[in-house]
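Residue-level listing of the chains:
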Amino acid sequence: MRGIHRGVLGAMSGTVLALLGAAPAVADPPPILQLGFHNGYCTTTDVDAPADTPFLIDIDTGFQFTDQSEFRIPALRIRVILPSAYFNPRARVEVGPQPPGEIPFELMTPWVSGSAGKGCWGTIHVR
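Throughout what follows, the structure given in this document is the object of discussion.

Definitions and limits used
Every chain is numbered independently, its residues counted from 1 as its sequence is written. Selection of residues for local features in this predicted model requires a pLDDT of at least 70, selection of side-chain atom pairs for listing and counting requires 80 or more, and totals for whole chains, interfaces and linings are taken over all residues. No hydrogens and no water enter the side-chain calculation; it runs on all heavy atoms of the structure. Going along the chain from the N terminus, every DSSP run of H or I of four or more residues is numbered as a helix, and every run of E of two or more is numbered as a strand. Exposed residues in this analysis have more than 50% of their type's maximum accessible area, buried residues have under 20%, and partly exposed residues fall in between, with area computed by a 1.4 Å probe over protein chains only. Put simply, a disulfide is two cysteine sulfurs that come within 2.5 Å. Note on contacts: a residue pair qualifies if any of its non-hydrogen atoms lie within 4.5 Å across the two residues.

## What to know about unusual backbone geometry
- Unusually for a residue other than glycine, Asp52 sits at a positive phi of about 55°.
- Summarising the element assignment, Asp52 is placed in the loop between β3 (46–49) and β4 (55–60).
- Judged by its relative accessible area of 57%, Asp52 falls in the exposed class.
- Here Arg77, not a glycine, exhibits a phi torsion of approximately 55°, which is positive.
- Structurally, the position occupied by Arg77 is in the loop between β5 (70–73) and β6 (78–81).
- Judged by relative accessible area, which is 80%, Arg77 ranks as exposed.

Laid out in structure tokens, this is it:
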């Protein structure tokens, strides 16, 4: 009986070691699209994103001195209030996998904010 018991434990410990030794698959980080929104104006209005892959959108709001600005993707029901330059002048938006096509977005700020511009419209080209 002892021989069987040791044999079972030996086989089990070998299996456990084999499972622990396997390195987990590392997923590639999602692509990051860069947008800038400064004083009510956009630095770019056309960006590319890969199809069927989640991606991130980083928005630099340096020189945007209001907390009333918004980033919107109406088709995806995404609406994010942007931080002013007085705090962390960056916002990050996560977007799930999208099929190929065009996704319009908006970066807007109200006239009463004191910004020179009132915003812009752009397109994310998913390819």
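## A few points about the state of the cysteines
- Evaluation of the coordinates by the stated rule reveals one disulfide.
- Here Cys42 is linked by a disulfide to Cys120, with a sulfur-sulfur distance of 1.5 Å. Here the residue Cys42 occupies a position in strand β2 (residues 41–42), and Cys120 occupies one in strand β9 (residues 119–126), the gap between them amounting to 78 residues.
- Exposure remark for Cys120: the relative accessible area of 9% places this residue in the buried category.

## Observations regarding the side chain of His125
- Among the secondary structure elements, His125 is positioned in strand β9.
- Those residues in contact with His125 that sit more than four places away from it in its chain are Asp46, Val47, Asp48, Ala49, Gly101 and Glu102.

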